[in-house]
Structure formats: C-alpha cells, structure tokens
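Descriptive analysis of the structure
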Amino acid sequence: MSSLLSASSALSEDALRRLKREMWARAVKLGFRSWVGWRRGFTSKADPQRSDRVTAEVIEHLERLALVDFGSQEAVARLEKAIAFADRLRAVDTDGVEPMESVLEDRCLYLRSDNVVEGNCAEELLQNAHRVVEEYFVAPPGNISLPKQDDQEPFSHI
Amino acid sequence: MLKGYVPPYNATVVQKLLDKGAVLMGKTNLDEFAMGSGSTDGVFGPVKNPWSYSKQYREKRKQEAHGENEDSNWLITGGSSGGSAAAVAAFTCFAALGSDTGGSTRNPAAHCGVVGFKPSYGLVSRHGLIPLVNSMDVPGILTRCVDDAAIVLGMLAGHDPKDSTTIQDPVKPFTLPTFADVNKLCIGIPKEYLAPELSSEVRSFWSKAANLFESEGAKVIEVSLPHTSYSIVCYHVLCTSEVASNMARFDGLEYGHRCDINVSTEAMYAATRREGFNDVVRGRILSGNFFLLKENYENYFIKAQKVRRLIANDFVNVFNSGVDVLLTPTTLSEAVPYLEFIKEDNRTRSAQDDIFTQAVNMAGLPAVSVPVALSNQGLPIGLQFIGRAFCDQQLLKIAKWFEKQVQFPVIQLQELMDDCSSDFEIEKLSSVFLKQ
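Residues numbered from 1 in each chain as written. Chains lettered and ligands numbered in written order. Predicted model: local features only at pLDDT ≥ 70, side-chain atom pairs only at ≥ 80, totals over all residues. Heavy atoms only, no water.

As recorded by an unreviewed UniProt entry, chain B carries the name Glutamyl-tRNA(Gln) amidotransferase subunit A, mitochondrial and is attributed to Odobenus rosmarus divergens. Its UniProt record gives chain B the following Subcellular location (unreviewed entry) comment, quoted word for word: "Mitochondrion". Listed in UniProt under the heading Function (unreviewed entry), the comment for chain B reads: "Allows the formation of correctly charged Gln-tRNA(Gln) through the transamidation of misacylated Glu-tRNA(Gln) in the mitochondria. The reaction takes place in the presence of glutamine and ATP through an activated gamma-phospho-Glu-tRNA(Gln)." (UniProt positions renumbered as here; feature names shortened; annotations may be inferred.)

For chain A, an unreviewed UniProt entry supplies the name Glutamyl-tRNA(Gln) amidotransferase subunit C, mitochondrial and the organism Odobenus rosmarus divergens. Regarding chain A, the relevant UniProt record gives this comment under Catalytic activity (unreviewed entry): "L-glutamyl-tRNA(Gln) + L-glutamine + ATP + H2O = L-glutaminyl-tRNA(Gln) + L-glutamate + ADP + phosphate + H(+)".

Have a look at this one:
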C-alpha cells in the first residue's frame, strides 16, 4: 500500500480519481479496514471544498497581519471553505468593468469647512482606557515583532 | 471587545431621536459586531424570538409535540439585529434601531413579524454606527407598522456634516398619504430569486402578493437580475475585506477590553483581540486579510468590486425599464428553532439566509420587509419590497398600502402577561403617533 501512496502523489486529478476507483474495488476484496486507512491519507486532495492555499506560511502571515489567531484547525478549515466559496467569482466575466467602490460615486463628497467646532474632551476620552498616565494612553513597548511560529506551539492559545 | 466601554458621544441617529423627545429605553442584543444571521453569537447569549411564546405558535405546537419541555425548543429571531426586532415584536418599545449591511434589519423583522426598513445608502447618517462595511452599512429602523417607520425615518434622514457619505439634497418630510394609484404601479418579480431552498409557504405568499397587486390593476412583470447567484459570493469577499480593515481599530489601547500582556504592543494587541473577539469575527478578519494579500487582491477584492458594479447595474437596468418596485421574499422560511440553527456554522448560515437581502445593500437601494401572514406553524413570514435609490417615500407608500391589505395578525402573548391587557388594548398600541 505504501508504495502506491507515494506514487499517486505525482498523478493528475483524473488519474487520481481512476486510481481511487480501482483501489476502492480492490479494497472491498481486501477488507474495509485497510481502505479506510488509505482514504484518510487522501482526504485533503479528494475533497473538492479544500483548497491547498492555506499553508503554514500563509497562516503565520495572516496571523501577523491581522493580529488575531486562528485558534484551531477548524478555523483553518473554515478559511479554506471561505476561499473555495469566493473562488466562484471567477466564473463571472468582468472584462471592461470598472471596480465599484461606492454607490454614491457619481456625487461629490461633502467637505466641511476647516473650523474647530468641538473637542476639548480629553478627560472623557481617557476614561475609557485601561492604562492612562496624565493625558497619555499607555502602551507596551513597540517595535518588537511577535515571536515566529516555530518558537511557539501552533494553536497553543485556544 | 467593547467590555466596559461607555461611548463619550451619541450617534447622530440617536441624538436626533433624543432631540425630538424620544426616550431611550435601552440597548438590545445582537450578533457580535453584527456578524451573523441568527442573533445567536452575541456575548450576552442568543436572542429568543417572542413568537416562540405566542399563543398562535403554542397552539400549533400542542397539536404536534407532546411531553416536550416548553422552553427548550425556542426559535431564533434572525439577525443580526435580532434583539431590536424582538423588542419591537414584544411591545417593549415603540421602535428600535438596527443596522443593515446584508439584511441584518430585514431578516429579523421577517422572523419576528415586524416592519424592517433599510433606507437608501446616504440618506441616514452613519456617524456613531460601528462600521462593518463602510460602503454598505446603514442604520435600520424596526417598527410594528409602516407609518411608524416613516415617522422615525422623517426624524433621521438628512445630511449630517459628521458623515460625509450622507447626501446633501434637501429631505422632504415623510408623511405617507394613502396610496390610491396602485393601478399605475409596475411591480417586478426577479426570477432569479426563486431559489430552490425557498420554502413552499413563503413561495405561495409571494405569489399571492403578486396576484393581489395584479388584481388591483398594477402591472406585475417578471424581471431578471442575472448576477444574483454571484451576489452572495461578492458580498462575502467585500464584507470580510472591509471587516478586516474596520476591526483593526480594536486594539485595547484607547477603549474596550485590554489584556495584561506587557511584553510588546503587538503581543498585547494580539492577545486582546484573541480574547475580545469571538470565532465568527476572527474568522472574517482572517478571511478578509487573505483576500487583501498582494497576490490575492486583484483576483478577489478587485474582482468582487467589479461584480458589485454588475449587480448594481442589474438593478439600474430593471428600474430603467419602467419597474417601480421589486417584490421578493425576505427569508427562505419562517424562524427555525435555535437547536436546529446552530447545527451549521455562522458563515454557512449567513450565506444561506442573506440570499435575498444582501444584493440590495450592494446597490445601496432602499428596501423594506413587511410581515404578510402566519405560516402553518403560526410563525410570521415577511416579504420584501425594493425601491429605487432615494425613493424611500414612494417605497413606504406602497408598503403601507400592502400592509393594509394583508392585515397581519397581532402577536398574542397573553400567557406571559399575568394581569393581561386584552387583545383590543394591544391593537391600540400597535401604532402610536407622536404629536410633532
């Protein structure tokens, strides 16, 4: 079985499907248990909903950009489904169509005159913050990057 | 994320209502950051639909289930402004504000048997509304009848210097005269909205409504919005992308929840956001960031913006061909039990439930969900009218006429009220006119 597993990773989708069918027929003869073991290894390639775009690098990149973490394998799976869903847009022909940013694009944006009409409410604004010193919001030191994925366990913080 | 946050200012829509003498009774529950279509994912817990406790629903249930714990199978309100819809449906208040980015006002309105109105984009100020999708958000209005919605809209509509996306055209007052010219109307029925998942009851009410207009002399024609099947995908991409950007402001530094990590700003932000956001919000932020990556920007975000133009153009073409208003279902079916709703995750549910409502947000058009009748289970079903941009008054006029024809029954919550008001008194309450 294991030699077949390594060989089929080089095959195209069609060939993979044919192989799967043949294997299934053989597996019925060989017994259910061995078939299940084989299938488990190939779920990600056979499942049309999963795209293999969300690699570990992408995960790390996104977590750093967004400053939120995935938290679990299910979240990654959900992202993959979301991407597969969004891929449906490829079927639309958008040649010569301009992107639309706002439905009010034909109108002029309102600009008010540059006069100070309100403000001076520093005290009220500071009340909502947790850490304040005099009139400053207190932040931890900046310019320190998050530790790399290798230095921390994946999904350690659920 | 906003734990402990007390806003230091009022949103313009709230301030306008307060200036006119409204009494703010409270804030209602919703899906966290308005992301969801069931009002089940809020920090304070899910919202229960008052119709779960209505006499109309209970009587139908008695005929079926026996020996079941009465409170275990309560129904969702729809979302994301479910708390507002529930409050209005249960006679807690005269009106409630919601937000509508993909149908979040109209969806719960249909499930709770109230009127849910989405104004044209640019008519009502968004200053103070936590932004989800800047180009699609509007504050929504929930009331028990169309006249009340018109009253509230009259107070809220108009230019706001603090929101530069509000239009500067002068706004006429929104009194609704009785609509007598039904026979001059042209109603469009978009054929792509006949989704296979649409329940047969909703479909039959939809076609009865179309027949009603026809019998009064209106012209009822089938129209086509060819890109309808892509609108939910387009919405998904644009929404997550904008969310990724808009949620970046929540870092715990100036307001809201903040965790105790002090190693670095990045670590503090990451931990705060992990604790403060639930899975749904985090999922959308990450999806949005994915679509905005350099390698994906053109293929997803820009592509979705182009598809958005196609969808908006679909509507423009239909309205240019002489159609005054579109009539569609609001939801696929009546409200479902909570236990059933949570079997699928939030993203799947939103993709299913927003199908009739989100294209309107992409085109910035006004729309209203009007309760039509009760289903076989005794639950409300609503239908949606979509109007031309900035023709909100005309849309409401038509909705008011329709509302009068269908005579949607009042919810009977007698079992919950000990020394109860009679049905008659409840009916008097259903429309309260403010003296201006």
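Things to note about the sheet that holds strand S3 (residues 138-143) of chain B
Residue and element names in this part refer to chain B. The strand order S1-S3-S2-S7-S8-S6-S4-S5 describes an open sheet built from 8 strands, whose pairing is mixed. What marks the edges here is a single partner per strand, and that holds for strand S1 (95-100) and strand S5 (219-223). If you compare each strand with its neighbour and ignore which way they point, the axes differ by 30 degrees on average. Where strand S4 (residues 186-190) meets S5, 5 bridges bridge the pair, whose relative direction is parallel. Bridge pairing links Pro-190 to Val-223 in S5. Each of S1, strand S2 (115-118) and S3 is contacted by helix H5 (residues 146-156), which is oriented at about 145 degrees to S3, the strand it contacts most. Helix H14 (residues 392-406) contacts S2, strand S6 (325-329), strand S7 (367-374) and strand S8 (380-386) of the sheet and is inclined by roughly 5 degrees relative to S7. (Pairing = 2+ DSSP bridges. Helix = DSSP H or I, 4+ residues; strand = E, 2+ residues; numbered from the N terminus. Axes fitted to C-alpha atoms, helices over the stretch in contact; angles between N-to-C directions. Contact = heavy atoms within 4.5 Å.)

Focus on the pairing of S8(B)
All names here are of chain B. With 7 of 7 residues buried, S8 is to be regarded as a mostly interior element. Sheet topology places S6 next to S8; 4 bridges connect them, and they run antiparallel. Residue pairing in the sheet places Thr-328 in a bridge with Gln-384 of S8. Note that S7 and S8 share 7 bridges and pair antiparallel. Directly across from Leu-374, in S8, lies its bridge partner Pro-380. Between the end of S7 and the start of S8, which pair antiparallel, lie 5 residues, with Gly-378 showing a positive phi angle near 85 degrees. (Buried < 20%, exposed > 50% of the residue type's maximum accessible area, 1.4 Å probe, protein only.)

Observations regarding the environment of Ile302(B)
Note that Ile302(B) resides in helix H10 (residues 294-320). Judged by relative accessible area, Ile302(B) falls into the buried class, the value being 13%. Separated by 11 residues in the primary sequence, Ile302(B) and Phe291(B) place their C-alpha atoms 9.6 Å from one another. The residues contacting Ile302(B), other than those within four sequence positions of it, are Pro99(A) and Tyr297(B).

With respect to the nonpolar core
All names here are of chain B. Of all hydrophobic cores here, the largest spans 117 residues; its most connected members are Phe-213, Met-247, Phe-315, Leu-327 and Phe-385. Ranked by the residues each element gives to this core, the list is headed by H10, at 10 residues. Here Phe-213 is in contact with Val-182, Leu-185, Ile-187, Ala-218, Val-220, Leu-327, Phe-385, Ile-398, Trp-401 and Phe-402, once residues within four sequence places are set aside. Judged by nonpolar contacts, the second largest core, of 23 residues, contains Ala-96, Cys-112, Leu-379 and Ile-411. (Core = buried A, V, L, I, M, F, W, Y, C linked by side-chain atoms within 4.5 Å.)

A look at the UniProt feature "active site" (unreviewed entry) in chain B
Residue and element names in this part refer to chain B. Feature annotation in UniProt places "active site" (unreviewed entry) on Ser-80 and Ser-104, given in this structure's numbering. Taken together, the annotated residues stretch across 25 residues yet fold into one region, lying no more than 4.7 Å apart by C-alpha. Among the secondary structure elements, Ser-80 is positioned in the loop between helix H2 (55-62) and helix H3 (82-89). With residues near it in sequence (within four places) discarded, Ser-80 still touches Asn-29, Leu-30, Asp-31, Ala-34, Met-35, Gly-36, Ser-39 and Ser-104.

Considering a negative patch on the surface
Residue and element names in this part refer to chain A. A contiguous patch of negative charge on the surface is contributed by Glu-123, Glu-124, Glu-134 and Glu-135. Relative to the assigned elements, Glu-123 resides in helix H6 (residues 122-127). Judged by relative accessible area, Glu-123 falls into the exposed class, the value being 65%. (Patch = residues over 30% accessible without salt bridge, like charges linked within 9 Å, V, L, I, M, F, W, Y side chains within 5 Å. Areas by Shrake-Rupley, 256 points an atom, 1.4 Å probe, with all protein chains shown as cover. Salt bridge = Lys/Arg side-chain N within 4 Å of Asp/Glu carboxyl O. Lys, Arg positive; Asp, Glu negative; His and termini not counted. Charge placed at Lys NZ, Arg CZ, Asp CG, Glu CD.)

Describing the interface of chain A and chain B
At the interface, 59 residues of chain A touch 71 residues of chain B. Considering only the side of chain A, the residues that lose the most area to chain B are Leu89(A), Tyr110(A) and Asn128(A), jointly responsible for 12% of the buried surface there. Across the contact surface, chain A and chain B share 6 salt bridges. Here Lys162(B) ties to Glu118(A) by a salt bridge, and the two come within 3.8 Å at their closest N and O atoms. (Buried area = accessible area lost by both parts, 1.4 Å probe.)

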